[in-house]
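# Inside the fold
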Amino acid sequence: MCCWMIDEFGTEEQRKQWLPELCSMEKFASYCLTEPGSGSDASSLQTKAELRGDMYYLTGEKAFISGGGRSDVYLIMARTGGSGPKGISCFIVPKESEGISYGSQLDKLGWNSQPTAPVILENCKVPKENMLGMVGMGFKIAMQGLDGGRINIGTTALGGAAECLELAADHISSRKQFGRTLDQFQYLRFKIADMATELTAARLLVFQAAEMYDEKHPARTMHCAMAKRFATDVGFNICNNSLQMHGGYGYIKEYSPERYLRDVRVHQILEGTNEIMKHIISRSVLGE
């Protein structure tokens, strides 16, 4: 996501400086938009960037940052102008920059392999050549980056769902109750059929959104929102159904469904809540 943003909006010098190590995964980048007081209302962010000579000084705090404290580069949205989206610019900020620090790692329900922490900026010094795009383009860059991020999150949800479908099918094929394996009960067979159908439909919707995103289709933002909303809802429901089919075994950590359930739940929040996805979709359908 961050690589795409640099590649799409960066200068040739920025691409040469940052992309080789990021694309090879020698280094990692974090996307920094959310703040303690601005989540879904992202354009109300308060982090400020003040130009003094050849340096910008960033002051504010970013919240729930994936890779916070561990990533090597941070793409930070900060206010260079007035209120609203047009007053926001985007900056490429190295981990070792003067004035940047990190809060404690958050203790989360799931996604425990992903470090998450606040990013704190106290007159953080950033060379003005580290601005990504032009002054006032930051919100546009952030939103276009989220289109691709929503495809990523939908894809991640599908991975967990596919594994949980397989786990459920294996479990009901071997677990016996009332003298026969659970896969002989029609209700569970129909449930498996619904899970498989919804997984396939979600996968196709994500594929379509990805194709439209690559082609820069004018309706790509709506379709990325559709794919993210549907795939993450389906992903969570399949994991939840898999846990239910495992009965008490699904609730204990010796078995996998409980972890998948905890991990996929956040996908309905990340990269814009699913309620915001519905807002984006309805706005596009209504021509607003």
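Residues numbered from 1 in each chain as written. Predicted model: local features only at pLDDT ≥ 70, side-chain atom pairs only at ≥ 80, totals over all residues. Heavy atoms only, no water.

### Some thoughts on the environment of Ala-168
Operational definition: In this description a helix means any DSSP run of H or I spanning at least four residues, a strand means any run of E spanning at least two, and both kinds are numbered starting from the N terminus. To sort residues, take the accessible area from a 1.4 Å probe on protein chains only and compare it with the maximum for the residue type: under 20% means buried, over 50% means exposed, and anything in between is partly exposed.
Position of Ala-168 relative to the elements: it lies in helix H3 (residues 138-174). What makes Ala-168 buried here is its relative accessible area of 0%. Each C-alpha atom, one on Ala-168 and one on Leu-243, is 7.8 Å from the other, the two residues being 75 residues apart in sequence.

### Here we look at a nonpolar patch on the surface
Our working definition: Here, patches come from residues exposed beyond 30% relative accessible area and free of salt bridges, joined within 9 Å for like charges and within 5 Å for nonpolar side chains (Val, Leu, Ile, Met, Phe, Trp, Tyr). Note on areas: Shrake-Rupley, 1.4 Å probe, and residue coverage restricted to the protein chains presented here. Each reported salt bridge corresponds to a side-chain nitrogen of Lys or Arg within 4 Å of a carboxyl oxygen of Asp or Glu.
On the surface, a cluster of nonpolar side chains totalling about 420 Å² of accessible area is made up of Tyr-249, Tyr-251, Ile-252 and Tyr-255. Mapping Tyr-249 onto the fold places it in the loop between helix H5 (220-246) and helix H6 (257-265). Tyr-249 sits in the partly exposed class, given a relative accessible area of 34%.

### Notes on the packing of helix H4 (residues 186-214) against H5
The test is simple: In this analysis an axis means a line fitted to C-alpha atoms, helices contributing only their contacting stretch, and an angle means the value between N-to-C directions, from 0 to 180 degrees. When an angle is under 35 degrees it counts as roughly parallel; over 145 it counts as roughly antiparallel; between 65 and 115 it counts as roughly perpendicular; any other value is oblique. Here a crossing is called left-handed whenever its near helix is offset anticlockwise from the far helix by less than a right angle, and right-handed whenever the offset is clockwise. In this classification, Asp, Glu, Lys and Arg are treated as charged, Ala, Val, Leu, Ile, Met, Phe, Trp, Tyr, Cys and Pro as nonpolar, and every other residue, Gly included, as polar.
Remark: H4 packs on H5, axes separated minimally by 9 Å, with the N-to-C direction vectors making an angle of 155°. Considered as vectors, H4 and H5 are oriented roughly antiparallel to each other. Once H4 is placed against H5, the crossing between them reads as left-handed. Here the residues of the contact of H4 with H5 are counted per class, giving 19 nonpolar, four polar and three charged.

### Quick look at the nonpolar core
Selection rule: Nine residue types can take part in a nonpolar core, namely buried Ala, Val, Leu, Ile, Met, Phe, Trp, Tyr and Cys, and a core is a set of them joined through side-chain atoms within 4.5 Å. We call two residues in contact whenever any of their non-hydrogen atoms come within 4.5 Å of each other.
Within the largest apolar cluster, 27 residues are counted, with the highest numbers of intra-cluster contacts made by Ile-192, Met-195, Ile-238 and Met-245. Top contributing element to this core by residue count: H5, with nine residues. Once residues within four sequence positions are removed from consideration, Ile-238 is found in contact with Ala-161, Cys-164, Leu-165, Met-195 and Leu-199. Membership of the second largest hydrophobic core comes to 22 residues, among which are Cys-2, Leu-22, Leu-33 and Ile-92.

### Structural notes on helix H1 (residues 2-9)
The condition is simple: The directions considered for the arc are those from the helix axis to the C-beta atoms.
By the burial criterion, the buried members of H1 are Cys-2, Met-5, Ile-6 and Phe-9. Seen from one end, H1 has its buried residues packed into an arc of 95°, which puts them on one side. Lining the buried residues of H1 we find helix H2 (12-23), strand S1 (29-32), strand S4 (73-79), strand S5 (88-94), strand S8 (131-132) and H3.

### Some thoughts on H5
This is how it is decided: A helix is expected to span 1.5 Å multiplied by its residue count minus one.
The end-to-end C-alpha separation of H5 is 38 Å, in line with the 39 Å expected for 27 residues at 1.5 Å each. Counting buried positions along H5 yields 19 of 27 residues, so the element is predominantly enclosed. In the stretch just after H5, Gly-247 is the one whose phi turns positive, near 65°.

### As for the side chain of Ser-97
Heads up, the condition is: Under this definition, polar contacts are N or O atom pairs within 3.5 Å; protein pairs additionally need one hydrogen-donor-capable and one acceptor-capable atom, and for neighbouring residues in sequence, both atoms have to be side-chain atoms.
Relative to the assigned elements, Ser-97 resides in the loop between S5 and strand S6 (100-102). Within the structure, the side chain of Ser-97 is placed 2.8 Å from the backbone oxygen of Pro-94, a separation counted as a polar contact.

### Describing the pattern of salt bridges
Under the definition given, this model contains 12 salt bridges. Linking Arg-15 and Asp-7 is a salt bridge whose minimum nitrogen-to-oxygen distance equals 3.7 Å. Using a relative accessible area of 23% as the deciding quantity, one classes Arg-15 as partly exposed. Look at the salt bridges and you will find they share partners, linking Asp-7, Glu-12 and Arg-15 into a network.

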